[in-house]
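Read off the chains here:
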Amino acid sequence: AQSVTQLDSQVPVFEEAPVELRCNYSSSVSVYLFWYVQYPNQGLQLLLKYLSGSTLVKGINGFEAEFNKSQTSFHLRKPSVHISDTAEYFCAVSDGGQAGTALIFGKGTTLSVSS
Amino acid sequence: EPEVTQTPSHQVTQMGQEVILRCVPISNHLYFYWYRQILGQKVEFLVSFYNNEISEKSEIFDDQFSVERPDGSNFTLKIRSTKLEDSAMYFCASRREKTSPLHFGNGTRLTVT
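The rules behind these values
Residues numbered from 1 in each chain as written. Chains lettered and ligands numbered in written order. Predicted model: local features only at pLDDT ≥ 70, side-chain atom pairs only at ≥ 80, totals over all residues. Heavy atoms only, no water. Helix = DSSP H or I, 4+ residues; strand = E, 2+ residues; numbered from the N terminus. Contact = heavy atoms within 4.5 Å. Areas by Shrake-Rupley, 256 points an atom, 1.4 Å probe, with all protein chains shown as cover. Lys, Arg positive; Asp, Glu negative; His and termini not counted. Charge placed at Lys NZ, Arg CZ, Asp CG, Glu CD. Buried area = accessible area lost by both parts, 1.4 Å probe. Polar contact = N/O pair within 3.5 Å; in protein donor to acceptor, adjacent residues only side chain to side chain. Nonpolar A, V, L, I, M, F, W, Y, C, P; charged D, E, K, R; others polar.

Trainee: Honestly, the overall build of chain B in this entry has me stumped. Any pointers?
Mentor: Each helix and strand in chain B was counted, giving 0 helices and 11 strands. For chain B, the α and β elements follow one another from N to C terminus as β-β-β-β-β-β-β-β-β-β-β. Across chain B, every contact between residues at least 6 apart in sequence was considered, and the portion connecting residues at least 24 apart equals 53%. When the accessible surface of chain B is totalled, it reaches about 5800 Å², and 44% of it is carbon and sulfur. Seen as two clouds, the 12 positive and the 14 negative side-chain charges of chain B have centres 1 Å apart.

The structure is reproduced here in structure tokens:
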């Protein structure tokens with residue numbers, strides 16, 4: 001069974017600073033990896049995904065993530081954050097070999113950007 | 001861009017009552033899901049539905065829960081006899097293929113009193 005660990009429950013940063021949100025997963029099979037963002041009182045919106053190929057994945061809003069198989073990590077990064085990036089960020093994994101497999105989510109990281 | 005829509009956005013019900021949460025997935029999607037998020041906690045998988053049957057379910061999805069796709073467009077989650085601990089935000093999601101990302105609705109906030 002897969003699991004996802006987001007090591008940081010809260011990450012406060014100043015505007016225009018770089019940020020990294022950490023995600024580690026465990027799985028005995030190949031995986032698909034995702035980052036979702038949740039703004040207050042809204043649903044989950046896909047930021048980016050890794051299915052195969054290049055380990056550096058670029059997503060929306062200037063975010064990117066790097067898949068590191070040896071470290072079983074999929075950390076999310078942004079070189080310069082904005083106030084509007086304040087939200088909850090969820091890392092998720094699904095089984096790469098099964099049809100219709102559910103996403104397993106981490107507990108989330110609250111990114112708080114202040115001026 | 002097509003969206004997953006959920007109704008109602010907020011539902012209040014008394015303990016022991018039945019509730020039905022409604023979702024309209026994106027029209028050409030084949031896989032359907034319900035997730036829930038208890039306030040302050042992580043998003044938890046409840047059930048997945050494919051080819052008109054449940055394909056996976058979690059331990060949370062006990063006999064009090066059921067899902068249905070009654071008419072080819074709606075996808076409903078029924079809770080037969082609600083408990084206080086069922087209070088949560090319930091998200092519906094759908095996707096076209098197993099490699100496609102999930103598209104989530106904005107959720108229904110269920111409050112059980």
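Trainee: Could you clarify how one ought to interpret the interface of chain B and chain A in this entry?
Mentor: Note: interface size is frequently given as the accessible area lost on complex formation between the parts. Across the boundary between the two partners, chain B contributes 20 residues, which contact 23 residues of chain A. If you sort the residues of chain B by the area they bury against chain A, Lys 42, Lys 98 and Phe 104 of chain B come out on top, with a joint share of 27%. Summed over the shared surface of chain B and chain A, the number is 5 residue pairs in polar contact (both at pLDDT 80 or more). Looking at which element gives the most residues to the side of chain B that touches chain A, the answer is strand S4 (residues 31-37) of chain B, with 4 residues. Here the side of chain B that touches chain A is built from residues that sort into 9 nonpolar, 6 polar and 5 charged.

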